[in-house]
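Structural characterization, general
Chain by chain, the residues run as shown.
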Amino acid sequence: MPRVIQARQILKRSLSNGGSTPASMDIPKGYFAIYVGEQEKKRFVVPVSILSEPRFQQLLHQSEQEFGYNHPMRGIMIPCCEDVFIDLASRFGAF
């Protein structure tokens, strides 16, 4: 359970740096936006329930180490191949 709390704190810190932008206004309640990719980042809107998944928490930790919380995309960036993320997220029922 502590990992879920840590993942929520990472999400909260990232969102608090972003403010309210037009892109963030189209996110339904219970979801959040992330940017995925190694070179070019693609935006995904995923359910907050994904935060309880240990593999996703590992990606969040990796993101924190690589990007920190203050970056130009103003959102959570996941440093992995888009195909890998889609496969992982679909296993969690995110899509």
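The present account deals with the structure reproduced in this document. (Residues numbered from 1 in each chain as written. Predicted model: local features only at pLDDT ≥ 70, side-chain atom pairs only at ≥ 80, totals over all residues. Heavy atoms only, no water.)

Let us look at the packing of aromatic side chains. One pair of aromatic rings is described through two measures. These are the centre distance and the angle between the planes. Counted according to the given criterion, the structure contains 2 aromatic pairs. A ring pair is formed by Phe44 and Phe85, whose centres lie 5.3 Å apart and whose planes are at 55°; its orientation type is tilted. Taken together, the residues Phe44 in strand β2 (residues 42-47) and Phe85 in helix α3 (residues 82-91) connect sequence positions 41 residues apart. Phe44 gets classed as buried once you look at its relative accessible area, which sits at 8%. In this structure Phe85 comes out as buried when scored by relative accessible area, which is 1%. (Phe/Tyr/Trp six-rings, centres within 6.5 Å; stacked < 30°, edge-to-face > 60°. Helix = DSSP H or I, 4+ residues; strand = E, 2+ residues; numbered from the N terminus. Buried < 20%, exposed > 50% of the residue type's maximum accessible area, 1.4 Å probe, protein only.)

The subject of this paragraph is the state of the cysteines. Counting across every chain of the model gives 0 disulfides. Not part of a disulfide, Cys80 finds its nearest cysteine sulfur in Cys81, a span of 6.9 Å. Looking at Cys81, the relative accessible area reads 30%, which means it is partly exposed. (Disulfide = S-S within 2.5 Å.)

Our next topic: the nonpolar core. Phe32, Ile34, Val46, Phe56, Ile78 and Phe85 are the most contacted members of the largest nonpolar core, which totals 17 residues. Sorting the residues of this core by element identifies β1 (31-36), β2, α2 (54-67), β3 (76-78) and α3 as the ones contributing at least two each. Leave out the neighbours within four places in its chain, and Ile78 touches Ile34, Tyr35, Val36, Gly37, Phe56, Leu59, Leu60 and Ser63. (Core = buried A, V, L, I, M, F, W, Y, C linked by side-chain atoms within 4.5 Å. Contact = heavy atoms within 4.5 Å.)

The next thing to look at is the pattern of salt bridges. Applying the stated criterion to the full structure yields 2 salt bridges. Asp87 is paired through a salt bridge with Arg91; the nearest N and O atoms lie 2.9 Å apart. On the criterion of helical spacing, the pair formed by Asp87 and Arg91 is a turn pair, its members being 4 residues apart in helix α3. With a relative accessible area of 37%, Asp87 lands in the partly exposed category. (Salt bridge = Lys/Arg side-chain N within 4 Å of Asp/Glu carboxyl O.)

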